[in-house]
Amino acid sequence: MLTRFAPSPTGELHLGHAYSAVLAHDAARAAGGRFRIRIDDIDGSRSREDYVAASLADLAWLGLDWDGDPVRQSDRLADYAAGLDDLRRRGLVYPCFCTRADIAASLSAPHGPSGAVYPGTCRDLPAAPRERRMAAEPHCWRLDMARAVAETGELAWEEAGQGQRIADSQAHGDIVLARKDAPASYHLASTLDDAAMGVTHVIRGADLAASTDLHRLLQALFGLPTPLYRHHALICGPDGKRLAKRDAAASLKSLRDAGADGPALAADLAAGRLPTGYSLQNP
Ligand code: GLU
């Protein structure tokens, strides 16, 4: 068994991150398995080195230990590029030149689990203008969802304790897999990383359950194994809203600075006991 905790170093970790990390760590350790850290630092404009160091310090303060060095997405760009190339060769992705404003202006764009469903404007551009625009205009790469689904057929994954979940990838539409400024989307990077790291159990917040539709699809397209998933309830603050990185009161650093006992907090979280005012909720 191998689990992982994958923080994005774009802010301080809070109680919700601690909960996720403790569940993943304890599940692996209880099974005599391994627990690894992955730093999701693919977004170069928002990721900060001081948050990487602070996140690792928070995890150590909780009393968690991990196997090996943390994996960094910024070290794995060649793998993401190879994955994208593979999809390109198979005609499963296409360059898209639309701006956000173009997409917002399209009246036909319905909403899906990943936001507005792309209306498909650039999907069937003829080869000549496509080549010309690729040389001159910034573009992202989108998955041709209809073709992808035609290749894989219906897919499902196993949600721990709840049985099979059908992966409804189609509802997300033609998702972005890479941009000029971010060489792989979270979906592409996370799917390739989980496989490369040998992750057997993905334990993460229920807010990411919809992403699993897409990760399952990408696994099928790349011929990768499918881990078992557990999407846990989210910690909400005294206002009933799920915690965000801006909620300073719930940050692990502020708890640490206030003299809280890290391993005791980890044990409480593992048992579902939360500090006063906080609650666990399913979205
Ligand atoms: N880096 C993601 C986040 O902080 C988590 C990714 C994952 O667990 O798949 O939301």
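Residues numbered from 1 in each chain as written. Predicted model: local features only at pLDDT ≥ 70, side-chain atom pairs only at ≥ 80, totals over all residues. Heavy atoms only, no water.

J.: Honestly, the packing of helix H3 (residues 77-89) against helix H7 (residues 186-197) in this entry has me stumped. Any pointers?
T.: The geometry of H3 relative to H7 is characterised by a closest axis approach of 10 Å and an angle of 105° between their N-to-C directions. When the axes of H3 and H7 are compared, the pair comes out roughly perpendicular. Counting all contacts with H3, which are made through Asp79, Tyr80, Gly83 and Leu84, the residues of H7 involved are Leu188, Ala189, Leu192 and Asp193. (Axes fitted to C-alpha atoms, helices over the stretch in contact; angles between N-to-C directions. Helix = DSSP H or I, 4+ residues; strand = E, 2+ residues; numbered from the N terminus. Parallel < 35°, antiparallel > 145°, perpendicular 65-115°, else oblique. Contact = heavy atoms within 4.5 Å.)

J.: What should I look at first to understand the sheet that holds strand E4 (residues 93-96) in this one?
T.: By way of backbone hydrogen bonds, the strands of a sheet pair with one another, either parallel or antiparallel. The antiparallel open sheet is built from 3 strands, whose spatial order is E4-E7-E10. For this open sheet the edge positions go to E4 and strand E10 (176-178), each flanked by a neighbour on one side alone. Direction aside, the axes of adjacent strands within the sheet are offset by 45° on average. (Pairing = 2+ DSSP bridges.)

J.: Help me understand H7, please; the structure alone is not making it clear to me.
T.: Note: α-helices contain 3.6 residues per turn, so residues at a spacing of three or four share the same orientation. Compared with an ideal rise of 1.5 Å per residue, which puts 12 residues at 16 Å, H7 spans 16 Å between its outermost C-alpha atoms and is within 8% of the ideal. Across the 12 residues that make up H7, a large majority, 9, are buried. All of the buried residues along H7 are His187, Leu188, Ala189, Ser190, Thr191, Leu192, Asp193, Asp194 and Met197. Positive phi shows up at Gly198, right after H7, with a value of about 75°. (Expected span 1.5 Å × (residues − 1). Buried < 20%, exposed > 50% of the residue type's maximum accessible area, 1.4 Å probe, protein only.)

J.: Whenever I open this one, the pairing of strand E9 (residues 163-166) confuses me. Can you help?
T.: Strand residues, when the strand is regular, have side chains that alternate between the two faces of the sheet. Note that strand E8 (residues 156-159) and E9 share 4 bridges and pair antiparallel. Looking at the pairing, Trp157 lines up with Arg165 of E9.

J.: Would you explain the packing of aromatic side chains in this entry?
T.: How two aromatic rings sit relative to each other is set out by the distance from centre to centre and by the angle between their planes. As enumerated under the stated definition, the model contains 1 aromatic pair in all. Both rings, one in Trp157 and one in Tyr229, keep their centres 6.1 Å apart while their planes meet at 70°; by these two values the pair is edge-to-face. Within this pair, whereas Trp157 is found in strand E8, its partner Tyr229 is found in strand E12 (residues 228-232), the two being separated by 72 residues in sequence. By the burial criterion, Trp157 is buried, and Tyr229 matches it. In this structure, Arg88 is placed above the aromatic ring of Trp141, and the distance from its NZ or CZ to the ring centre is 4.3 Å. The positively charged end of Arg142 is found above the aromatic ring belonging to Tyr118, 3.8 Å away from the centroid. (Phe/Tyr/Trp six-rings, centres within 6.5 Å; stacked < 30°, edge-to-face > 60°. Lys NZ or Arg CZ within 6 Å of the ring centre and 35° of its normal.)

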